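Survey of secondary and tertiary structure
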Amino acid sequence: MGPETYASYRNNSFAPSNEKPYLGWNYPLEYQHMVHQHWRSFPVPPIYYHVFLYIIFVLMLLGSLFGNGLVLWIFLTSKNLRTPSNLLIINLALFDLTMAANMPHYLVNTVLGYFPGGDLACDIYAVLGGISGTGAAICNALIAYDRYKTISNPIDGRLNYFQVFLLIALSWVWNIPFSVLPFFHMYGRYIPEGFLTSCSFDYLTDDEETRYFVRAMFVWAYCIPLIIICTSYTKLFFHVRDHEQMLAEQAKKMNVKSLSANSNKAGLSVELRIAKASMIIYLLYIFAWTPYATVALLGTFGYQQLITPFASMIPCCCAKVVSCIDPWVYAYSHPKFRAQLEQRVPWLGIREKNASSNATLSESNMNEVDVSTLSAVN
């Protein structure tokens with residue numbers, strides 16, 4: 001069963017004065033229907049839980065605004081960075097800023113203890129999180145695909161502006177089934193979760209619609225982007241390995257030490273740097289979205305008793321933390337971007353010695369790669 005009327009839970013929501021109140025007790029009468037019965041069985045968390053999350057959200061808000069804002073400013077005002085591949089990074093920064101847009105809302109909710117504005121406010125909060133989360137996931141997958149295409153075939157495989165704009169449009173349309181439809185109560189719905197100061201899609205109600213919605217969303221928003229990321233970076237790794245082997249064999253025939261532009265990297269092979277960069281991106285994806293997937297699947301498979309208010313707040317925090325890290329993984333690993341930062345924001349203390357000296361596959365092709373996968377781990 002899902003959220004019910006206030007009268008159904010009046011005795012549970014308002015405990016006697018000598019007992020600790022339960023979650024939902026401080027929701028106004030007109031908003032009591034928003035509180036799912038699952039949360040009403042948990043006592044109100046200690047105040048220091050709220051204080052801790054409040055501080056974390058403030059730090060994440062500032063970090064996201066600074067990091068993603070700087071990405072947009074540098075990329076949009078630097079002509080040499082406005083390339084098709086970099087448009088995907090700009091798009092990811094927009095998704096991350098969209099996720100940051102509901103953080104002030106959370107801070108207000110924490111102070112008040114409930115959602116001012118009722119159902120509409122909850123829906124707006126959740127749809128922003130849904131659009132930004134689902135969009136960021138598929139955008140990470142599209143960046144992985146673009147990197148594979150660009151590096152494996154730098155002449156004919158590079159995506160042009162039209163193709164990239166189509167991918168960007170796809171990343172926004174990708175959100176509709178599991179973000180916009182619940183907003184209009186057409187498929188799925190949004191309800192308060194955790195400490196009842198944030199909203200997300202309903203994974204607790206025991207009915208067929210909720211079960212089908214959560215399982216379909218798991219495949220659509222989690223599995224498909226993950227498969228694209230793993231496939232793209234795996235194929236990229238094997239392509240780089242084969243390329244390096246070919247260079248080594250050719251160098252042997254020419255009786256030279258190495259034809260690779262990376263022979264001076266203190267023995268750190270191109271394959272190893274590709275593997276490390278790919279692993280970082282993979283682990284960030286897992287860290288961001290696996291907690292949400294786990295909690296949602298627990299709810300839909302009948303293990304609601306394992307979902308405590310604190311446990312349900314962890315996925316929200318993980319996703320927002322990664323939205324603050326994304327700029328550092330993608331943009332700040334870009335040599336030309338770092339060079340612009342050194343010029344225009346010198347107080348950051350970034351010193352880019354030579355953008356052209358970053359790791360490349362070969363001087364004839366990787367010097368043309370705009371989004372440097374290799375430099376992500378330098």
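The model shown is predicted, which means the values in this text are computed figures rather than measured ones.

**So, the UniProt feature "transmembrane region" (unreviewed entry) in the chain**
In the numbering used here, UniProt assigns the "transmembrane region" (unreviewed entry) feature to residues 47–75, 87–104, 124–143, 164–187, 212–238 and 282–303. Along residues 87–104, the helical share is 89% and the strand share 0%, with 27 Å between the first and last C-alpha atoms.

**Some points on the nonpolar core**
If you look at the biggest cluster of nonpolar residues, it comprises 94 residues, and the most contacted ones within it are W39, F57, Y203, W289 and F337. Non-local contacts of F57, meaning those with residues more than four positions away in its chain, are made with M103, Y106, L107, Y125, C316, C317 and K320.

**Topic: the state of the cysteines**
Here, the word disulfide means a covalent bond between the sulfur atoms of two cysteines. Tallying each qualifying case throughout the model produces one disulfide. Across the disulfide, C122 is cross-linked to C199 (sulfur-sulfur distance 1.9 Å). Residues C122 and C199 share a disulfide whose torsion about the S-S bond is about -115 degrees; that sign makes it left-handed. Highlighted residues: C122 in helix α5 (residues 118–152) and C199 in strand β2 (residues 198–201), separated in sequence by 77 residues. Neither C122 nor C199 differs from the other in exposure class; each is buried.

**Quick notes on the pairing of strand β1 (residues 190–193)**
Where β1 lies against β2, four bridges are found, and the strand directions are antiparallel. For P192, the partnering residue across the bridge sits in β2 and is C199. Following β1, the chain reverses through four residues before pairing antiparallel with β2; G194 in that reversal takes a positive phi of roughly 60 degrees.

**Description of a nonpolar patch on the surface**
A contiguous nonpolar patch, built from I47, Y48, V51, I55 and L59 and spanning about 540 Å² of accessible area, is present on the exposed surface. Position of L59 among the secondary structure elements: in helix α2 (residues 47–77). With a relative accessible area of 53%, L59 lands in the exposed category.

**Let's talk about the side chain of D123**
Checked against the element boundaries, D123 lands in helix α5. One buried charged side chain, D123, makes no salt bridge at all; its nearest oppositely charged neighbour is R189, positioned 9.5 Å away. Within polar-contact distance, the side chain of D123 engages the side chain of H185 at 3.2 Å. When sequence neighbours within four positions are dropped, the list of residues in contact with D123 reads F183, H185 and Y190.

**Considerations on the packing of α5 against helix α6 (residues 161–173)**
Between α5 and α6, the shortest axis-to-axis distance is 8 Å and the interhelical angle comes to 145 degrees. The handedness of the crossing between α5 and α6 comes out as right-handed. Together, I131, G135, I138 and L142 of α5 and L167, S171 and W172 of α6 make up the contact between the two elements. A class-by-class count of the residues in the contact of α5 with α6 yields five nonpolar, two polar and no charged.

**Some words on the pattern of salt bridges**
All told, the structure shown has five salt bridges when counted by the stated rule. A salt bridge links R189 to D207, with the nearest nitrogen and oxygen atoms 3.2 Å apart. Note that R189 is positioned in the loop between α7 (176–183) and β1 and D207 in the loop between β2 and α8 (208–253), a separation of 18 residues in sequence. Take R189: its relative accessible area is 22%, and that puts it in the partly exposed class. Under the relative-accessibility criterion, D207 is labelled partly exposed at 24%. Here D242 and R241 are joined by a salt bridge, their closest N and O atoms 3.8 Å apart. Taking the relative accessible area as the measure of exposure, R241 reaches 31% and is therefore partly exposed. One network of salt bridges, with partners in common, ties together R189, D202 and D207.

**Points about empty space enclosed by the protein**
On inspection of all chains with the given rule, the structure shows four cavities of 30 Å³ or more. Roughly 430 Å³ of volume is contained in the largest cavity. Along the walls of the largest cavity sit 28 residues, with S200, F201, M217, W289 and Y292 positioned nearest its centre. Within the residue set of the lining of the largest cavity, elements represented by two or more residues are α5, β1, β2, α8, α9 (270–300) and α10 (309–329). The greatest single-element share of the lining of the largest cavity, amounting to seven residues, is contributed by α5. Its volume calculated, the second largest cavity comes out at about 110 Å³. Lining the second largest cavity are 15 residues; nearest its centre among them are N140, A288, W289, V322 and D326. Secondary structure elements with two or more residues in the lining of the second largest cavity: α3 (84–100), α5, α9 and α10.

Thresholds, definitions, all that
Residues numbered from 1 in each chain as written. Predicted model: local features only at pLDDT ≥ 70, side-chain atom pairs only at ≥ 80, totals over all residues. Heavy atoms only, no water. UniProt positions renumbered as here; feature names shortened; annotations may be inferred. Helix = DSSP H or I, 4+ residues; strand = E, 2+ residues; numbered from the N terminus. Core = buried A, V, L, I, M, F, W, Y, C linked by side-chain atoms within 4.5 Å. Buried < 20%, exposed > 50% of the residue type's maximum accessible area, 1.4 Å probe, protein only. Contact = heavy atoms within 4.5 Å. Disulfide = S-S within 2.5 Å. Pairing = 2+ DSSP bridges. Patch = residues over 30% accessible without salt bridge, like charges linked within 9 Å, V, L, I, M, F, W, Y side chains within 5 Å. Areas by Shrake-Rupley, 256 points an atom, 1.4 Å probe, with all protein chains shown as cover. Salt bridge = Lys/Arg side-chain N within 4 Å of Asp/Glu carboxyl O. Lys, Arg positive; Asp, Glu negative; His and termini not counted. Polar contact = N/O pair within 3.5 Å; in protein donor to acceptor, adjacent residues only side chain to side chain. Axes fitted to C-alpha atoms, helices over the stretch in contact; angles between N-to-C directions. Left-handed = near helix turned anticlockwise from the far one by under 90°. Nonpolar A, V, L, I, M, F, W, Y, C, P; charged D, E, K, R; others polar. 1 Å grid on protein atoms, 1.4 Å probe; cavity = no way out; pocket = protein on both sides within 12 Å on 5 of 7 lines; lining within 4 Å. Points joined across faces, edges and corners; volume = space filled by probe spheres on them.

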